[in-house]
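# Structural characterization, general
Chain by chain, the residues run as shown.
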Amino acid sequence: MLRGVDVYGTDRFDGAWAKTRFGDVLQRWFDTEDEAERKTLEKEMVDVILAEHKAVGWIELSPIIYFDRGEVLKAYVTVDVVERRDMKKRLSFGPQPKGDFEDPAGLLAAWKDCQDTLFRMMYEKKEIGPDRVACPAFHCLGGYEHEELRPYVERFVNDVPPNEDKLIRILKEDRDPEDRGAAAFLLAHIKDGEKLVSLMLPMLNDPDALVRNNAMRVLMDVAMLHHDVPIPLTPFLKALDGPTTTDRNKAAAVTWGLIDRPEGTKLYAQVIKEAGPTLLKLLKLEQPTPRFIGSASTPARMSRRSC
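Rules behind the numbers
- Residues numbered from 1 in each chain as written.
- Predicted model: local features only at pLDDT ≥ 70, side-chain atom pairs only at ≥ 80, totals over all residues.
- Heavy atoms only, no water.
- Helix = DSSP H or I, 4+ residues; strand = E, 2+ residues; numbered from the N terminus.
- Polar contact = N/O pair within 3.5 Å; in protein donor to acceptor, adjacent residues only side chain to side chain.
- Contact = heavy atoms within 4.5 Å.
- Buried < 20%, exposed > 50% of the residue type's maximum accessible area, 1.4 Å probe, protein only.
- Axes fitted to C-alpha atoms, helices over the stretch in contact; angles between N-to-C directions.
- Parallel < 35°, antiparallel > 145°, perpendicular 65-115°, else oblique.
- Left-handed = near helix turned anticlockwise from the far one by under 90°.
- Pairing = 2+ DSSP bridges.
- Core = buried A, V, L, I, M, F, W, Y, C linked by side-chain atoms within 4.5 Å.
- Salt bridge = Lys/Arg side-chain N within 4 Å of Asp/Glu carboxyl O.
- 1 Å grid on protein atoms, 1.4 Å probe; cavity = no way out; pocket = protein on both sides within 12 Å on 5 of 7 lines; lining within 4 Å.
- Points joined across faces, edges and corners; volume = space filled by probe spheres on them.
- Nonpolar A, V, L, I, M, F, W, Y, C, P; charged D, E, K, R; others polar.
- Disulfide = S-S within 2.5 Å.
- Arc of directions from axis to C-beta.
- Phe/Tyr/Trp six-rings, centres within 6.5 Å; stacked < 30°, edge-to-face > 60°.
- Lys NZ or Arg CZ within 6 Å of the ring centre and 35° of its normal.

Take the side chain of H139 next. Position of H139 relative to the elements: it lies in the loop between α5 (107-124) and α6 (150-159). Reaching out from H139, the side chain makes a polar contact with the side chain of R217 at a distance of 3.4 Å. Not counting residues within four places of it along the chain, the set of residues in contact with H139 comprises F185, A188, H189, R217, V218 and D221.

Following this line, the structure appears as structure tokens:
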């Protein structure tokens, strides 16, 4: 059941309007496992918004699920909006990559299988929760302490380094965003933190939100847990006003990780100067993140098709 509906990117309508205007259609869109039905329902709602609000140029419905061991899943939807006047500023991403590469050592397939397994276990509450676990990489989704998932991490630790160059090419050039997103997570198993940051930062300009989400998830853990690895703050202050919910909540998490470092207080003035108004807008949202950084959440798009 949906706990809340937000609208971000416009003041022309709000979450209360969206809940009243679409009612059960919005809940059906969230609940369905039929991809064709989901697309039909989303198009129906988007068409209504575009017809009634001519200043709007781009819309996407962003569902987020919050996991907590032993509790009912909490779900929120944000109607992400970019007005026509803001499209050049807020939708300025790179071109779609066109490459097509083989799966090195079957790692992409293994990662996607790991994701499927982890989210299935979280949904079924099989002693898997969102808590951080001991991680042999710069980023782990979780659950690696469980016997069903442990073999995956052993494989990633052993097989990613010798296939690093192939994974980097997939990250940068593969036309499939799911493969690019999987490569981002896999590359967190390399040994050089500064190199990892240099690989993830350009992905903030990827045209696909899933790839941007995964890259920033990796950088989030680096920011929070690996204080010796430098990360620039400025790209994330821009991403705080990104077009999708996952742009904004991951950018907020990285920002929090950086200002929470031992020398992080030096960044306060920059955050307030460059992102103060954006942070105030984010604080008004019903959704827990990015109001509460560190909540265990995942885009429903990700959880429906992977771990």
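Anyway, onward from the coordinates.
Before going further, it helps to examine the environment of V77. The residue V77 is located in strand β3 (residues 74-83) in this model. Exposure remark for V77: the relative accessible area of 0% places this residue in the buried category. As for V77 and G15, which are separated by 62 residues in sequence, their C-alpha atoms are 9.2 Å apart. Contacts of V77, omitting those with residues within four sequence positions, involve L2, G4, V5, D6, L26, W29, F30, S62 and P63.

Looking now at the packing of helix α7 (residues 164-173) against helix α8 (residues 177-186). Contact geometry for α7 and α8: axes closest at 8 Å, N-to-C directions at 135°. The orientation of α7 with respect to α8, classified from their angle, is oblique. When the axes of α7 and α8 are compared, the crossing they make is left-handed. Only D179, R180, A183, A184 and L186 of α8 make contact with α7, whose side of the interface consists of L167, I170 and L171.

The next subject is the pairing of β3. Put simply, side chains in a regular strand alternate between the two faces of the sheet. With respect to burial, β3 is a largely interior element, 9 of its 10 residues being buried. With 6 bridges joining them, strand β1 (residues 2-8) and β3 adopt parallel strand pairing. Paired with V5 across the bridge in β3 is V77. Alignment of strand β2 (residues 56-66) against β3, held across 10 bridges, turns out to be antiparallel. When the bridges of β3 are listed, P63 appears paired with V77.

What follows deals with the nonpolar core. Counting residues in each nonpolar core, the largest one holds 64 residues, and the members touching the most others are F156, L187, L196 and M200. Once residues lying within four places of it in the same chain are set aside, the contact partners of L187 are V160, E164, L167, I168, L171, L196, L199 and M200. Grouped together as the second largest cluster of nonpolar side chains are 23 residues, F13, A18, F30 and L41 included.

The final tally for this structure, using the stated rule, is 18 salt bridges. With its nearest N and O atoms 2.7 Å apart, the salt bridge here joins K43 to D47. Residue K43 and its partner D47 are located together in helix α3 (residues 35-52), separated by 4 residues, close to a single helical turn. The exposure class of D47 is partly exposed, given its relative accessible area of 36%. For the salt bridge of D159 with R155, the shortest nitrogen-to-oxygen distance reads 3.7 Å.

In this section: the layout of surface pockets. The volume enclosed by the largest pocket comes to roughly 890 Å³. For the largest pocket, the lining is made up of 36 residues, of which Y8, R90, D241, G242 and K281 are closest to its centre. Of all the elements in the fold, those that place two or more residues in the lining of the largest pocket are β1, α4 (87-90), α10 (209-225), α11 (234-239) and α13 (268-283). At 5 residues, α13 tops the list of elements feeding residues into the lining of the largest pocket. Grouping the constituent residues of the lining of the largest pocket by class yields 14 nonpolar, 7 polar and 15 charged.

Turning our eyes to something else, we now look at the state of the cysteines. The tally for this structure, following the rule as stated, stands at 1 disulfide. Put simply, C135 and C140 are joined by a disulfide, and their sulfur atoms are 2.0 Å apart. Taking the torsion about the sulfur-sulfur bond, which here is approximately 80°, the covalent link between C135 and C140 counts as right-handed.

Turning our eyes to something else, we now look at helix α9 (residues 193-200). Restricting attention to buried positions, one finds in α9 the residues G193, L196, V197, L199 and M200. The arc that holds every buried residue of α9, seen down its axis, measures 160°, which confines them to one face. Here α9 starts with a cap whose side-chain oxygen sits 3.1 Å from the backbone nitrogen of E194, and that cap is D192.

To continue, consider the packing of aromatic side chains. Here the structure, examined in full by the defined rule, presents 5 aromatic pairs. When the ring of W17 is compared with that of F22, the centres are 5.8 Å apart and the planes differ by 85°; the resulting orientation is edge-to-face. For the pair W111 and F156, a centre-to-centre distance of 5.1 Å together with 45° between the ring planes defines the contact as tilted. In this pair, W111 sits in helix α5 while F156 sits in helix α6, placing the two residues 45 residues apart along the sequence. Each of the two residues, W111 as well as F156, counts as buried. Members of the aromatic cluster, each reached through a chain of ring pairs, are W111, Y152, F156 and F185. Sitting above the plane of the F93 ring, R212 keeps its charged end 3.9 Å from the centroid. Here R248 stacks its cationic end above the ring of Y8, 3.9 Å away from the centre of that ring.

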